[in-house]
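Analysis of the macromolecular model
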Amino acid sequence: MEEKKIIKNYTNGEITVVWQPALCIHCGDCVRGLNSVFDSKARPWINMDGGTTEAITHQVNACPSGALSLLEEK
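None of the values given here were measured: they were computed from a predicted structure. (Residues numbered from 1 in each chain as written. Predicted model: local features only at pLDDT ≥ 70, side-chain atom pairs only at ≥ 80, totals over all residues. Heavy atoms only, no water.)

1. Let's talk about the pattern of salt bridges
To keep it simple, the criterion reads: Whenever a carboxyl oxygen of Asp or Glu lies within 4 Å of a side-chain nitrogen of Lys or Arg, that contact is scored as a salt bridge. Helix numbering and strand numbering both begin at the N terminus, where a helix is a DSSP run of H or I of at least 4 residues and a strand a DSSP run of E of at least 2. Exposure is judged per residue with a 1.4 Å probe applied to protein chains only, and the accessible area is read against the type maximum: over 50% gives exposed, under 20% gives buried, and values in between give partly exposed.
In the structure shown here, the tally under the stated rule is 1 salt bridge. Arg-32 is the partner of Asp-29 in a salt bridge, and the nearest nitrogen-oxygen pair spans 2.8 Å. Here Arg-32 and Asp-29 lie together in helix α1 (residues 29-33), a separation of 3 residues that amounts to about one turn. A relative accessible area of 30% places Asp-29 in the partly exposed class.

2. Let's talk about the side chain of Thr-53
To keep it simple, the criterion reads: Here a polar contact is taken to be a pair of N or O atoms separated by no more than 3.5 Å, where protein atoms must pair a possible hydrogen donor with a possible acceptor and residues adjacent in sequence count only if both atoms sit in side chains. Any pair of residues with heavy atoms lying within 4.5 Å of one another is described as a contacting pair.
Tracing the backbone shows Thr-53 in helix α2 (residues 53-61). Of note is the side chain of Thr-53, whose polar atom sits 2.5 Å from the side chain of Glu-14. In contact with Thr-53, other than residues within four places in its own chain, are Asn-12, Glu-14 and Ile-15.

3. A look at the pairing of strand β1 (residues 8-11)
To keep things clear, this is the line we draw: Whether two strands pair comes down to DSSP finding at least two bridges between them.
Pairing geometry for β1 and strand β2 (residues 15-19), over 4 bridges, is antiparallel. Bridge pairing links Tyr-10 to Val-17 in β2. Taking the residues between adjacent antiparallel strands as the criterion, β1 and β2 are bridged by 3 residues, where Gly-13 takes a positive phi near 95°.

4. Brief notes about the layout of surface pockets
As a reminder, the rule being used: In the cavity and pocket records, a cavity denotes points on a 1 Å grid over the protein atoms alone where a 1.4 Å probe fits but cannot get out, a pocket denotes an open set with protein on both sides within 12 Å along at least 5 of 7 lines, and lining residues are residues with an atom within 4 Å of a point. Grid points are joined across faces, edges and corners, and a volume is the space filled by probe spheres set on the points. Throughout this entry, Asp, Glu, Lys and Arg are counted as charged residues, while Ala, Val, Leu, Ile, Met, Phe, Trp, Tyr, Cys and Pro are counted as nonpolar. The remaining residues, Gly among them, count as polar.
What the largest pocket holds in volume is close to 270 Å³. Surrounding the largest pocket, 18 residues form its lining, Cys-24, His-26, Gly-28, Cys-30 and Trp-45 being those nearest its centre. In terms of residues, the lining of the largest pocket owes the most to one element, α1, which gives 3 residues. A class-by-class count of the residues in the lining of the largest pocket yields 11 nonpolar, 5 polar and 2 charged.

5. A closer look at the packing of aromatic side chains
The following threshold applies: Ring pairs are drawn from Phe, Tyr and Trp, using the six-membered ring of Trp, whenever the two centres fall within 6.5 Å, and their geometry is named by plane angle: stacked under 30 degrees, edge-to-face over 60, tilted for the rest.
As enumerated under the stated definition, the model contains 2 aromatic pairs in all. Both rings, one in Trp-19 and one in Trp-45, keep their centres 5.1 Å apart while their planes meet at 65°; by these two values the pair is edge-to-face. Taken together, the residues span a long stretch of sequence, with Trp-19 in strand β2 and Trp-45 in the loop between α1 and α2 at a distance of 26 residues. In terms of burial, Trp-19 and Trp-45 fall into one category: buried. Taken together, the ring pairs in this structure connect Trp-19, Phe-38 and Trp-45 into an aromatic cluster.

6. Some words on the nonpolar core
The nonpolar side chains of soluble globular proteins are, as a tendency, buried together. Quick reminder of the rule: Throughout, nonpolar core names a set of buried Ala, Val, Leu, Ile, Met, Phe, Trp, Tyr and Cys residues whose side chains join them through atoms within 4.5 Å.
Counting residues in hydrophobic clusters, the biggest one holds 16 residues, and the most contacted among them are Phe-38, Trp-45, Ile-46, Ile-56 and Leu-68. Residue assignment for this core shows that the elements contributing at least two residues are β2 and α2. Leaving out residues up to four positions away in the same chain, Trp-45 has contacts with Tyr-10, Trp-19, Cys-30, Val-31, Val-37, Phe-38, Asp-39, Ser-40 and Leu-68.

Written as structure tokens, this is what we have:
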């Protein structure tokens, strides 16, 4: 049986954060680094209004597993 890949997108109109939970290693860097955006206890757990595009970009780029990535809006 093939495993269904879950991919979630969160946008602020400037960038879209793509989250692939199957890749996540749960190290917590995103939550510790920018907890106004990344809150594992909240639903949805990514609040794109919680930080600037620059801060979100910096934190997503620091994701060690690649579970978080970015798409630029056109």
